[in-house]
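# Structure at a glance
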Amino acid sequence: MSLIVLLGMHRSGTSATAGLITHFDYFPGHQLILGDEFNKKGYFEDKKIVAHNKNLLQAMDLVGWQDAGPAKKIEENNGCLNLIKQTKKVFLDQYSEKSNKVLKDPRVCRTLPFWLKTFDEIKERALYIFTLRNPDDIIKSLLRRSRVHPNHSALLYAAYLIDAERHSRGQVRALVRYEDLLNKTRDVLGELDNRLGTAFLAADPKTLSDACSFLALELNHKSDALSIESSIFIDFAHEVYKAFDRHFYDASPAVFDQLQDKLDTLRAMLEPWLAKSARIEAMESQIFVPGQAIYDAASQNAYATVYWKTPSLNYLQSRSLVQPCKFGGDEQTLVFSLPATPDRFLSLRLDLTDRPALCEVREISLNDAMGGVRWTAKDRHDFVNISADMRLFFDEGDRSGFTVISTGFDPKAELAIPEAILTEAGEGWTLTAKVKFRLLSEGVPGVVNRLQSSIRQADNAQQALKTSIAEVSSLKMELAEKNSALQKQASESDALRVQLLRAEAQLELLKDLMISGSELDRL
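Residues numbered from 1 in each chain as written. Predicted model: local features only at pLDDT ≥ 70, side-chain atom pairs only at ≥ 80, totals over all residues. Heavy atoms only, no water.

## Here we look at the packing of helix H6 (residues 150-167) against helix H10 (residues 232-247)
Rule in force here: The axes are straight lines fitted to the C-alpha atoms, using for helices just the contacting stretch, and the angles between their N-to-C directions are given from 0 to 180°. Numbering of helices and strands starts at the N terminus; helices are DSSP runs of H or I of at least 4 residues and strands are runs of E of at least 2. These descriptions rest on fixed angle ranges, namely under 35 degrees for roughly parallel, over 145 for roughly antiparallel, 65 to 115 for roughly perpendicular, and the rest for oblique. By convention the crossing between two helices is left-handed if the near helix lies anticlockwise of the far one by an angle smaller than a right angle, and right-handed if it lies clockwise. In what follows, a contact means two residues having at least one pair of non-hydrogen atoms within 4.5 Å. When residues are grouped by polarity, Ala, Val, Leu, Ile, Met, Phe, Trp, Tyr, Cys and Pro land in nonpolar, Asp, Glu, Lys and Arg in charged, and all others, Gly among them, in polar.
Across the interface, H6 lies against H10 with an axial gap of 8 Å and an inter-helix angle of 30 degrees. Our classification of the angle between H6 and H10 gives roughly parallel. Every pair of crossing elements has a handedness; the one defined by H6 and H10 is left-handed. Residues Pro150, Asn151, Ala154, Leu155, Tyr157, Ala158, Leu161, Ile162 and Glu165 of H6 touch H10, and the partners they reach there are Phe233, Ile234, Phe236, Ala237, Val240, Tyr241 and Phe244. Tallied by class, the residues present in the contact of H6 with H10 amount to 14 nonpolar, one polar and one charged.

## As for the pattern of salt bridges
For clarity, the cut-off: Think of a salt bridge as a Lys or Arg side-chain nitrogen and an Asp or Glu carboxyl oxygen that are within 4 Å of each other.
Tallied over the full model, the rule gives 24 salt bridges. When salt bridges that share partners are traced, they join Glu165, Arg169, Arg173 and Asp257 into one network.

## Examining the environment of Val335
What counts, and what does not: A simple rule labels every residue: compare its accessible area, found with a 1.4 Å probe on the protein chains alone, to the largest value its type can have, and call it buried under 20%, exposed over 50%, or partly exposed in between.
Along the polypeptide, Val335 turns up in strand E7 (residues 332-337). Among the residues examined, Val335 registers a relative accessible area of 36% and is labelled partly exposed. Each C-alpha atom, one on Val335 and one on Ile364, is 10.0 Å from the other, the two residues being 29 residues apart in sequence. Ignoring sequence-local partners within four residues, the contact set of Val335 consists of Gln323, Thr430, Leu431 and Thr432.

## A few points about the environment of Asn151
This is how the line gets drawn: Polar contacts, as counted here, are pairs of nitrogen or oxygen atoms within 3.5 Å of one another; within protein the pair requires one atom able to donate a hydrogen and one able to accept it, and residues that are adjacent in sequence qualify only if both atoms are side-chain atoms.
Residue position: Asn151 is located in helix H6. Between the C-alpha atom of Asn151 and that of Ile228, which follows or precedes it by 77 residues, the distance is 9.6 Å. Excluding its chain neighbours within four sequence positions, the residues that come into contact with Asn151 are Ser231, Phe233 and Ile234. One polar contact links Asn151 to Ser231, side chain to side chain, over a distance of 2.6 Å.

## Comments concerning the sheet that holds strand E6 (residues 320-324)
Pairing between the strands of a sheet is mediated by backbone hydrogen bonds and can be parallel or antiparallel. Inclusion rule: A strand pair is defined by DSSP finding two or more bridges across the two strands.
An order of E6-E5-E8-E14-E11 is seen for the five strands of this open sheet, with the pairing classed as antiparallel. Either end of the sheet is taken by a strand with one partner, and the two such strands are E6 and strand E11 (383-384). Sheet analysis places strand E5 (residues 303-309) next to E6, joined by five bridges and oriented antiparallel. Bridged to Ala304 within E6 is Gln323.

## Observations concerning the nonpolar core
Threshold: Among buried residues, the Ala, Val, Leu, Ile, Met, Phe, Trp, Tyr and Cys ones that are joined through side-chain atoms within 4.5 Å form a nonpolar core.
In terms of nonpolar packing, the biggest core is built from 57 residues, with Val5, Leu7, Trp115, Phe119 and Val240 touching the most fellow members. Within the second largest apolar cluster, 41 residues are counted, among which are Trp308, Cys325, Leu392 and Leu431.

## A few points about the sheet that holds strand E2 (residues 100-104)
Sheet architecture is open: four strands sit in the order E2-E1-E3-E4, paired in parallel fashion. Two strands bound the open sheet, and with one partner strand each, they are E2 and strand E4 (172-177). Taken over all neighbouring pairs, the strand axes of this sheet differ in orientation by 25 degrees on average, direction set aside. Contacts between H6 and the sheet are confined to strand E1 (2-7), strand E3 (126-132) and E4, with E3 contributing the most and set at about 155 degrees to the helix.

## Overview of unusual backbone geometry
The phi torsion at Asp25 lies on the positive side, around 65 degrees, for a residue other than glycine. Checked against the element boundaries, Asp25 lands in the loop between helix H1 (14-22) and helix H2 (47-59). The class of Asp25 is exposed, set by a relative accessible area of 66%. Backbone geometry at Lys123 places phi at a positive 60 degrees, although glycine is not the residue there. Along the chain, Lys123 falls in the loop between helix H4 (108-121) and E3.

## Comments concerning the pairing of strand E13 (residues 402-406)
Of all five residues making up E13, five are buried, and the element is well covered by its neighbours. Residues of E13 alternate between two faces, with Phe402, Val404 and Ser406 on one and Thr403 and Ile405 on the opposite face, all of them buried. Examined bridge by bridge, strand E9 (residues 357-367) and E13 share five bridges and lie antiparallel to one another. Bridge pairing in E13 places Glu360 opposite Thr403. One ladder, built from five bridges, connects strand E12 (residues 390-394) with E13; its direction is antiparallel. When the sheet's bridge partners are listed, Met390 is paired in E13 with Ser406.

Structure (structure tokens):
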């Protein structure tokens, strides 16, 4: 019987390592979190384990996984004993019938004290695998996935590894370097066998081949296009990385204790900012996450409507086209077929929904009878007379679509289609909208992220303004000095001009005297 516990920062290779280990009949849990665009092969995290770790983080005065603050030490009181009892139940519910199991959730780096006491109580011997990855790659990956500020990611990186190292001292441990995991998989398995006493390399050839094939370079989650500016926090993350990379097996505890002291100092420097970040994460964690039943209820009698106006008649309910809206994660293509009318179209109005909603719009276009696209909504200027309960958000750096937030039950806007195109429009033409309809509550994380981004932009603009003011002040001083020099030169020029005028006058006087002398000689 064997239990392997994975310890490592988010995006450091814990999923890849867990996925590799499961090929050797190690059980990861009953209800695994499915893969997504950031981890296509899966996370190998059990939902109940993750949910319980979130509760343990709160008990340690940590808001969530992004809280880089210090964790409160667990105390021998009724509250702590109750949490250990719950931890024991969660663990046994998931793993009691399995001989080989793997526990993976990066949050365990912070909540390990509870798990250690649980393992002691149930006499479970755990083996620990640390995953180590260059902090630059993790920072870039988190920036892309979760929009975490680089300095924040660097501090999280240090907190996770330092906490995990301190809590697991005296346990059977091994270190897996992410690049080796991808490129030298068999060597990594051999190192784990030597350090932990496992028997991965003793598996049959097909199992070994399948396990090694599971790992691929596409698991290398980062964005090389992103550039990370150096800072004391990022430099510290690299210091932690080097300590683990070079001294994981041979360093004395004092080496990592010194890193803990530096981490505490850096935390103190960022305390106000960390507190704000924790509050934001707390707000995000309380957002209502709907299921399919909620989506179905929200979709009842939900419609998108297009109205048209002609020179003779305004918008009327009887002159409208209706398509049902279905809430959920799937994109809908709404097609409104324009009717034949005795008058030309003067304008079209789109009521994208009839209730509060978050609408992710990929395209709104007007197409002629042959299917040709004659007009497309590209920015906010393509919408006019927008109602007060409708907000449009365009990302200047993203041309793949835009977001419409409806806060009421009658959101509407006229489409700014050129008159020349509307004059041609008629029967057989279609207005098409490709939209994902979501509940309004699902838009809060995006709003929070935009708020954070705006705050960072404002901070950067303020810093740039301060720099510009300093540069202007320096330039003013330089200009004043040059002006003073010019004035001095002008004064010297005036004095020289006076001297020249005097010399000219003396020269004229001398000429007159010479002429007078010549005349006297003749006489």
